[in-house]
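One-letter residues, chain by chain:
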2 protein chains.
Amino acid sequence: MNISNMKDIKERIRNEEIREKITNDFKASLLIKDGMTIAVSGFTPSGYPKAVPMALANRVKKNGDELRLNLYSGASLGPEIDKAWTEVGIISKRLPYQTTDELRHKINAGEVEYLDMHLSHMPQYINYDMLPEIDIAIVEAVAITEDGFVIPTMGIGNTPTFIEKAKQVIIEINLAKPLGYEGMADIYTTKNPPNRKPIPLNHSSERIGTHYISCEKEKIKAIVLTHTQDKTRDLTGVSPVSNRISENIISFLRGEVKANRLPSDLLPLQSGVGSVANAVFYGLCHSEFENLTCYTEVVQDSMLDLLRCGKAKIASATAVSPSPEGLYKFEKEIEFFKDKIILRPQEISNNPEIIRRLGVIAINTAMEIDIYGNVNSTHLMGTKIMNGIGGSGDFARNAAISIFATESIAKKGAISSIVPMVSHVDHTEHDVMVIATEQGYADLRGLSPKERALKIINQCVHPDYRPLLMDYFHRAFSQGGKHTPHILSEALSWHIKYMETGSMK
Amino acid sequence: MNISNMKDIKERIRNEEIREKITNDFKASLLIKDGMTIAVSGFTPSGYPKAVPMALANRVKKNGDELRLNLYSGASLGPEIDKAWTEVGIISKRLPYQTTDELRHKINAGEVEYLDMHLSHMPQYINYDMLPEIDIAIVEAVAITEDGFVIPTMGIGNTPTFIEKAKQVIIEINLAKPLGYEGMADIYTTKNPPNRKPIPLNHSSERIGTHYISCEKEKIKAIVLTHTQDKTRDLTGVSPVSNRISENIISFLRGEVKANRLPSDLLPLQSGVGSVANAVFYGLCHSEFENLTCYTEVVQDSMLDLLRCGKAKIASATAVSPSPEGLYKFEKEIEFFKDKIILRPQEISNNPEIIRRLGVIAINTAMEIDIYGNVNSTHLMGTKIMNGIGGSGDFARNAAISIFATESIAKKGAISSIVPMVSHVDHTEHDVMVIATEQGYADLRGLSPKERALKIINQCVHPDYRPLLMDYFHRAFSQGGKHTPHILSEALSWHIKYMETGSMK
């Protein structure tokens with residue numbers, strides 16, 4: 001680790017008293033005791049602490065220390081925590097979101113309890129004291145001000161709430177992150193009811209808070225200097241299939257503008273992460289749309305490109321998390337992006353109040369969808385968690401338009417992403433307005449369940465599965481209740497068949 | 001019909017030009033043509049138009065006029081519309097909610113298309129032009145002001161939006177409703193994004209709008225005088241079982257106050273309609289709680305009693321809808337209630353922004369619940385609609401605490417209200433914090449799916465079904481994914497068994 005000289009340190013830790021708390025990662029990790037609840041900064045591999053969690057994992061590995069911890073975060077974390085802590089078996093309960101193979105495996109083996117939450121619910125669960133209290137918050141920062149305030153790096157998540165509610169705080173000053181991050185955050189938090197006020201945000205581009213996170217100096221128990229880049233996700237390539245999904249979504253948006261239901265600069269865009277989202281934003285880069293705005297959770301590579309090419313003027317999010325190459329480029333150009341990106345606590349980025357007020361266009365990925373428009377975003381075959389619902393529920397429920405996208409098939413056609421009945425519901429029929437696959441899109445607004453089924457089957461299902469689903473629908477309609485026709489003994493048979501034979505066909 | 005004298009009419013219709021539009025119900029009904037979309041005032045049998053809809057139904061019955069109409073409302077309607085129009089077969093599509101036997105039957109027979117929507121979504125679907133446009137709004141009022149503004153009766157619902165967006169407006173002045181309603185409404189509506197502003201409401205007791213609904217005079221095509229009382233629901237008796245559920249809910253709330261998670265006057269209360277809700281509010285009348293507030297959809301008998309006994313100081317809702325006896329009493333005491341009840345458009349009463357800001361305690365009824373906390377509020381055996389989701393989703397998702405209540409069994413024990421997997425999901429595991437039955441309550445906050453299952457089975461399930469569910473859970477855990485253990489081939493078997501044998505046992 002490249003520990004910088006005193007001048008650097010003074011620039012990063014501007015308060016003398018706090019500078020005296022500098023220690024090493026091992027010593028800081030000794031603050032963490034068995035049974036504690038640890039909350040960490042960061043959101044969707046970015047801005048999470050790296051050194052102290054790794055030191056803890058190493059300590060456990062070498063000394064055989066017995067520890068079981070609850071782990072809270074903004075969203076998913078880098079391998080220095082979720083992977084390393086899973087490998088040494090110290091996570092007892094994890095919430096509200098994760099994306100790590102090793103951890104997912106342990107959750108699905110019944111060895112780690114996982115609570116999959118709406119990301120906007122997490123900070124208020126903490127503020128309302130509905131979860132075990134936080135013993136230690138471990139927070140990454142680029143700097144600490146003269147007043148002892150924390151300047152976060154590239155993922156805000158729940159950091160303001162964690163610092164506020166934790167008994168002790170450990171801060172990692174990451175010297176690998178440019179000071180240019182200073183000024184990108186906009187920290188505004190809400191009071192608990194009955195004292196909560198309207199959040200004074202009317203446009204994605206508005207700043208309503210401070211560029212730092214307040215922190216009582218006495219709470220800071222250790223400062224650790226680090227020099228490690230965030231391990232963000234690799235760039236997901238834009239496949240021809242993603243491109244077709246993107247074209248269908250853009251074609252839908254174009255139709256909305258033509259019908260005067262959307263302004264020509266659309267409304268603020270939100271998108272989940274991954275290849276479809278990337279494809280949509282690359283598609284917008286090459287579209288006729290201009291003056292776009294984003295009100296979302298995570299700024300990915302393609303959204304940076306949308307800002308670069310001038311098609312978008314602002315992106316409001318709770319984290320910047322491009323691919324490793326994209327991150328290198330972004331940090332070199334950070335001054336260009338400084339007035340184009342606003343990073344807010346997830347309490348604000350995902351707040352129903354703001355999402356509904358701004359009329360966000362929400363584009364999220366579905367794992368499976370049923371013929372009536374119910375969406376499963378989380379569970380494989382109804383039992384195994386993949387990642388989690390993340391912010392998709394915050395956005396879909398409150399959006400002006402909620403779009404769910406998926407490839408129509410998976411596993412080379414062995415799975416149809418559209419099934420008679422989803423094996424788990426994360427987004428109900430009431431929250432899903434448009435479905436897009438590479439086959440086309442189905443605008444479900446104003447349609448009854450049966451009307452939705454016909455549209456989805458005809459416009460979104462892969463041709464290999466279309467006759468099978470149409471057959472199910474017609475047979476279901478010919479028996480029993482005809483509002484949402486189903487044959488309960490067959491409704492989940494596609495999943496059962498897949499588990500038994502390896503194919504839904 | 002007791003048509004009043006000119007003095008009465010001048011008091012009720014204070015604008016001369018509009019007085020000249022007085023006609024009879026039959027003539028007004030002639031404005032309604034085949035293929036039209038008709039939107040009506042009112043919310044949960046109260047404040048709906050009565051004479052013109054009946055005149056239309058009679059016209060169809062007598063003349064055999066062929067008509068098919070889309071019917072929009074706030075929520076459920078009285079028999080003069082949903083029953084009468086169903087019987088003459090003129091409803092093509094109905095949204096967003098209904099509770100009428102005859103209509104439900106036609107929906108489940110596949111003869112009427114029904115769209116079951118979140119009640120807060122309805123006004124914005126209209127404002128965003130996402131639904132077929134409204135040809136005629138039929139609106140009940142107690143009076144029309146000098147300026148031609150409409151003074152609504154006891155159910156606001158979507159009336160402001162319907163009047164704003166309809167091409168033509170028919171107004172029924174209901175002389176049976178006291179003028180004392182004037183002043184109870186607080187009409188505030190929002191602009192469409194990107195011009196929407198924060199809704200300036202900080203407490204249930206605040207008034208932020210006007211006591212009338214604006215209406216362009218030219219749009220008013222007919223005024224009809226009526227003298228018919230609203231056909232509200234009969235009072236549902238408080239059964240011993242409802243009382244036990246109520247005691248469990250109140251006991252939970254008491255624990256929250258004791259743990260300092262709720263103030264001693266709680267937070268604003270919302271409740272669905274029906275016997276459990278009534279029991280809870282009667283229970284609160286006799287509890288230690290004081291200075292209560294309500295931020296809800298509908299004011300029922302028991303909420304009026306809570307205001308009468310001084311335990312609650314304010315009830316904000318979109319409708320007053322007590323039983324026929326309760327309504328008679330309420331209208332006699334209307335001056336007493338005038339500063340204690342605020343009636344808002346459902347756009348505001350059910351707005352996620354306000355519900356989350358105020359930190360509402362939401363108490364809604366479940367039709368069935370599964371062991372992981374997913375709730376079905378709408379579908380019998382997964383296929384037949386009962387009523388609809390109503391506002392339960394608006395409240396449960398955004399509440400500070402969301403409670404779902406149900407009797408643990410139905411049909412004299414032939415049905416367990418708690419099943420391995422619900423046959424339809426309206427509220428996902430992410431939105432359900434507390435479950436209460438007459439057996440006890442399960443506080444699910446902070447629990448993983450498996451932890452939730454154990455708590456629900458042990459604390460809420462009827463003893464007759466407890467061993468069966470525990471057996472299912474353990475066998476499911478011993479195979480397959482262990483995050484949300486299920487045996488897909490058995491997950492819906494309880495429903496199938498009930499349909500085949502008449503019992504889940």
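Cut-offs and rules
Residues numbered from 1 in each chain as written. Chains lettered and ligands numbered in written order. Predicted model: local features only at pLDDT ≥ 70, side-chain atom pairs only at ≥ 80, totals over all residues. Heavy atoms only, no water. Helix = DSSP H or I, 4+ residues; strand = E, 2+ residues; numbered from the N terminus. Rg over C-alpha atoms; globule rule 2.2 N^0.38 Å. Buried < 20%, exposed > 50% of the residue type's maximum accessible area, 1.4 Å probe, protein only. Contact = heavy atoms within 4.5 Å. Areas by Shrake-Rupley, 256 points an atom, 1.4 Å probe, with all protein chains shown as cover. Lys, Arg positive; Asp, Glu negative; His and termini not counted. Charge placed at Lys NZ, Arg CZ, Asp CG, Glu CD. Salt bridge = Lys/Arg side-chain N within 4 Å of Asp/Glu carboxyl O. Domains from an automatic or database assignment. Buried area = accessible area lost by both parts, 1.4 Å probe. Polar contact = N/O pair within 3.5 Å; in protein donor to acceptor, adjacent residues only side chain to side chain. Nonpolar A, V, L, I, M, F, W, Y, C, P; charged D, E, K, R; others polar. Pairing = 2+ DSSP bridges. Least-squares fit on C-alpha atoms with pLDDT ≥ 70 in both. Core = buried A, V, L, I, M, F, W, Y, C linked by side-chain atoms within 4.5 Å.

Caption draft 1: Structural view of the overall build of chain A. Summing up its helical and strand segments, chain A has 20 helices and 26 strands in all. At 23 Å, chain A has a C-alpha radius of gyration in line with the 23 Å of a compact globule built from 505 residues. With the C-alpha coordinates of chain A rotated into their principal frame, the extents come out at 75 × 50 × 45 Å. Burial status across chain A gives 67% buried among its 505 residues. Across chain A, every contact between residues at least 6 apart in sequence was considered, and the portion connecting residues at least 24 apart equals 74%. About 16200 Å² of surface is accessible on chain A, with carbon and sulfur atoms providing 50% of the total. Side-chain charges in chain A split into 57 positive and 61 negative, and the spacing between the mean points of these groups amounts to 1 Å.

Caption draft 2: Quick peek at the side chain of B:Glu347. All names here are of chain B. Here Glu347 lies in helix α14 (residues 346-349). Of the side chains with opposite charge, Arg196 comes closest to the buried, unpaired Glu347, at an N-O distance of 5.2 Å. When residues no more than four places from it in sequence are discounted, the contact partners of Glu347 are Pro123, Asn127, Thr161, Thr189 and Thr190.

Caption draft 3: View of the domain arrangement of chain A. All names here are of chain A. When cut into domains, chain A gives domain 1 (3-226) and domain 2 (240-501). Taking only C-alpha atoms into account, the centre of domain 1 sits 30 Å from that of domain 2. Buried area between domain 1 and domain 2, summed over both chains or domains, comes out near 3800 Å², and the portion from carbon and sulfur atoms is 56%. Considering only the side of domain 1, the residues that lose the most area to domain 2 are Met184, Ile199 and Ser204, jointly responsible for 19% of the buried surface there. Linking domain 1 with domain 2 are two salt bridges, by the criterion used here. The salt bridge partner of Arg344 is Asp186, with a shortest N-O separation of 3.3 Å. For the interface between domain 1 and domain 2, the tally reads 34 residue pairs in polar contact (both at pLDDT 80 or more). Considering only residue class, the side of domain 1 that touches domain 2 consists of 23 nonpolar, 22 polar and seven charged.

Caption draft 4: Quick look at helix α10 (residues 275-285) of chain A. With respect to burial, α10(A) is a largely interior element, eight of its 11 residues being buried. Of the residues making up α10(A), those classed as buried are A:Val276, A:Ala277, A:Asn278, A:Ala279, A:Val280, A:Phe281, A:Leu284 and A:Cys285.

Caption draft 5: Broad picture of the sheet that holds strand β18 (residues 375-376) of chain B. Residue and element names in this part refer to chain B. One open sheet accounts for three strands, arranged β18-β17-β24; its pairing is mixed. At either margin of the open sheet sits one strand with a lone partner, and together these are β18 and β24 (418-419). In the sheet, strand β17 (residues 368-370) pairs with β18 via two bridges, with the strands oriented antiparallel. Considered in β18, the bridge of Ile369 is made with Val375.

Caption draft 6: Fine view of the sheet that holds strand β18 (residues 375-376) of chain A. Spatially, three strands are ordered β18-β17-β24 (chain A) in an open sheet, and the strand pairing comes out mixed. The sheet is open, and its two edges are formed by β18 and β24 (418-419) of chain A, each paired on a single side.

Caption draft 7: Region of the structure containing the interface of chain B and chain A. Contact with chain B, which involves 82 residues of that partner, is made by 82 residues of chain A. Three residues, B:Arg356, B:Arg397 and B:His430, lead the burial of chain B against chain A; their summed loss comes to 11% of the area buried on that side. Here chain B and chain A share six salt bridges between them. Across the pair B:Lys450 and A:Glu113 runs a salt bridge, and its minimum N-O distance is 3.6 Å. On the surface where chain B and chain A come into contact, there are 36 residue pairs in polar contact (both at pLDDT 80 or more). When grouped by side-chain class, the residues that make up the side of chain B that touches chain A number 33 nonpolar, 28 polar and 21 charged.

Caption draft 8: Region of the structure containing the relation of the copies chain B and chain A. Once chain B has been moved 0.0 Å along the axis and rotated by 180°, it coincides with chain A to within an RMSD of 0.0 Å. The relationship between the two copies is best expressed as a two-fold rotation axis. Within chain B, B:Glu353 has its C-alpha nearest the rotation axis, a separation of 2.0 Å. Here 100% of the interface residues in chain B have copies in chain A that are interface residues too; the copies meet face to matching face.

Caption draft 9: Structural context of the nonpolar core. With 166 residues, the main nonpolar core has A:Phe330, A:Ile341, B:Phe330 and B:Ile341 as its most contacted residues. Per element, the largest residue contribution to this core is seven residues, and it comes from helix α9 (residues 240-258) of chain B. Every residue in contact with B:Ile341, bar those within four places of it in the chain, is listed here: B:Met184, B:Arg207, B:Val299, B:Leu304, B:Leu307, B:Ile314, B:Ala315, B:Val320 and B:Phe330. Formed by 77 residues, the second largest nonpolar core is a distinct cluster that contains A:Phe404, A:Ile435, A:Ile457 and B:Ala476.

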